Amino acid sequence: MKSKKLSPLAVYLVCAAALVLLFAADQYTKSLAVQYLKNQPSIELIPGVLELFYLENRGMAFGLLQDQYWLFAVMTVLFLIVMVIVFYKLPKTRRFLPLFAVLTVLTAGAVGNFYDRFLNHYVVDFIYISLINFPVFNVADIYVTVSVAVFLLLYLLYYKDEDFAFLHKNAKKEESDG
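This is a predicted model, so every value here is computed, not measured.

Peer 1: Residues and numbers for the pattern of salt bridges, please.
Peer 2: On inspection of all chains with the given rule, the structure shows five salt bridges. Across the pair D26 and K30 runs a salt bridge whose closest N-O atoms are separated by 2.9 Å. Of this pair, D26 and K30 both sit in helix α1 (residues 8-37), four residues apart, roughly one helical turn. Across this residue pair, the class does not change: D26 and K30 are buried. A salt bridge links E56 to R58; its shortest N-O distance comes to 3.3 Å. In this structure, a network of salt bridges that share partners links the residues D26, K30 and D116.

Peer 1: Give a detailed account of helix α3 (residues 97-120), specifying residues and quantitative values.
Peer 2: The first and last C-alpha atoms of α3 sit 34 Å apart over 24 residues, in line with the 34 Å expected at 1.5 Å per residue. In the segment just after α3, H121 is the residue with positive phi, at about 70°.

Peer 1: Outline a nonpolar patch on the surface, supporting the account with residue identities and numerical values.
Peer 2: A surface patch of nonpolar side chains, amounting to about 630 Å² of accessible area, comprises V148, L152, L153, Y155, L156 and L157. With respect to the secondary-structure elements, L152 resides in helix α4 (residues 139-158).

Peer 1: Report on the packing of aromatic side chains, specifying residues and quantitative values.
Peer 2: Tallied over the entire structure, the rule returns eleven aromatic pairs. A centroid spacing of 5.4 Å and a plane angle of 70° characterise the contact between Y159 and F164, whose relative ring orientation is edge-to-face. F164 carries the same exposure label as Y159, and that label is buried. The aromatic ring of Y88 is capped on one face by K92, whose charged end is 5.9 Å from the ring centroid. Across from the ring centre of Y158, 4.5 Å away, lies the NZ or CZ of R95, which sits over that ring.

Peer 1: Give me the lowdown on α4, citing residues and values where you can.
Peer 2: Taking 1.5 Å as the rise per residue, α4 with 20 residues should run 28 Å; its terminal C-alpha atoms sit 27 Å apart, in good agreement. Measuring from the backbone nitrogen of A140 back to the side-chain oxygen at the start of α4 gives 2.9 Å, which picks out N138 as the cap.

Peer 1: Now, about the confidence of the model for the protein: what can you tell me, with residues and values included?
Peer 2: Of the residues in the protein, 87% have a pLDDT of 70 or more, and the chain-wide mean is 87. When pLDDT is averaged over each element of the protein, α1 comes out on top at 96 and helix α5 (residues 171-177) at the bottom at 46. Residue range residues 173-178 is modelled with pLDDT below 50. Its contacts to residues more than four positions away, or to other chains, number zero contacts.

Peer 1: So what's going on with the packing of α3 against α4? Residues and values would help.
Peer 2: The interhelical angle for the contact between α3 and α4, taken along N-to-C directions, is 155°, at an axis separation of 8 Å. Accordingly, the angle class assigned to the pair α3 and α4 is roughly antiparallel. Crossing of α3 against α4: the hand is left-handed. Together, P98, L99, V102, V105, L106, A108, G109, A110 and N113 of α3 and A140, D141, Y143, V144, S147, V148, V150, F151, L154 and Y158 of α4 make up the contact between the two elements. Among the residues making up the contact of α3 with α4, the classes are represented as 15 nonpolar, three polar and one charged.

Peer 1: Any details on the sheet that holds strand β2 (residues 50-57)? Residues and values, ideally.
Peer 2: The three strands lie next to each other as β1-β2-β3, forming an open sheet whose pairing is antiparallel. If you trace the sheet from one side to the other, it starts and ends with β1 (43-46) and β3 (123-129), each paired once. Neighbouring strand axes in the sheet, compared pairwise and without regard to direction, differ in orientation by 35° on average. In the packing of α1 onto the sheet, the strands contacted are β1, β2 and β3, and the crossing angle to β3 comes to about 80°.

Conventions adopted
- Residues numbered from 1 in each chain as written.
- Predicted model: local features only at pLDDT ≥ 70, side-chain atom pairs only at ≥ 80, totals over all residues.
- Heavy atoms only, no water.
- Salt bridge = Lys/Arg side-chain N within 4 Å of Asp/Glu carboxyl O.
- Helix = DSSP H or I, 4+ residues; strand = E, 2+ residues; numbered from the N terminus.
- Buried < 20%, exposed > 50% of the residue type's maximum accessible area, 1.4 Å probe, protein only.
- Expected span 1.5 Å × (residues − 1).
- Patch = residues over 30% accessible without salt bridge, like charges linked within 9 Å, V, L, I, M, F, W, Y side chains within 5 Å.
- Areas by Shrake-Rupley, 256 points an atom, 1.4 Å probe, with all protein chains shown as cover.
- Phe/Tyr/Trp six-rings, centres within 6.5 Å; stacked < 30°, edge-to-face > 60°.
- Lys NZ or Arg CZ within 6 Å of the ring centre and 35° of its normal.
- Polar contact = N/O pair within 3.5 Å; in protein donor to acceptor, adjacent residues only side chain to side chain.
- pLDDT = per-residue confidence, 0-100.
- Contact = heavy atoms within 4.5 Å.
- Axes fitted to C-alpha atoms, helices over the stretch in contact; angles between N-to-C directions.
- Parallel < 35°, antiparallel > 145°, perpendicular 65-115°, else oblique.
- Left-handed = near helix turned anticlockwise from the far one by under 90°.
- Nonpolar A, V, L, I, M, F, W, Y, C, P; charged D, E, K, R; others polar.
- Pairing = 2+ DSSP bridges.

See the structure below:
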């Protein structure tokens, strides 16, 4: 059964609006962290479990690759180029709305952290799960982590290989031949 086609402009506008709102939420939480947590002791929200703790992360996840600003900049720009291509190529149908949503959230996380790196050469992290001594993270990191997990679930449980035929170079030729 074919999925109903959607207006590409409507899909792009909704994704762009969501991206802007998610980016704004990320930046707002980081500004609150700077305002209330910088040079202050951590704040225990749930004793022994969850704290707010200010950290300027000059690396990536888990503090890896410290001070590799240009590497992160190049990786993010390449990622954003790939996202533009994927957004353009994705069929504008109801079946792909979950994928548009996931990729929008993922892109918002990447843009949020890239903006910090571009502006400050570090990312503001402030959420700390002390129960498991997990590295300090931020809202953009949550966007990235959750969207990747949901993408994997969608890929494994919802979409089929043929749903992604449009990504292949010869997809148009194969469609017209078949």
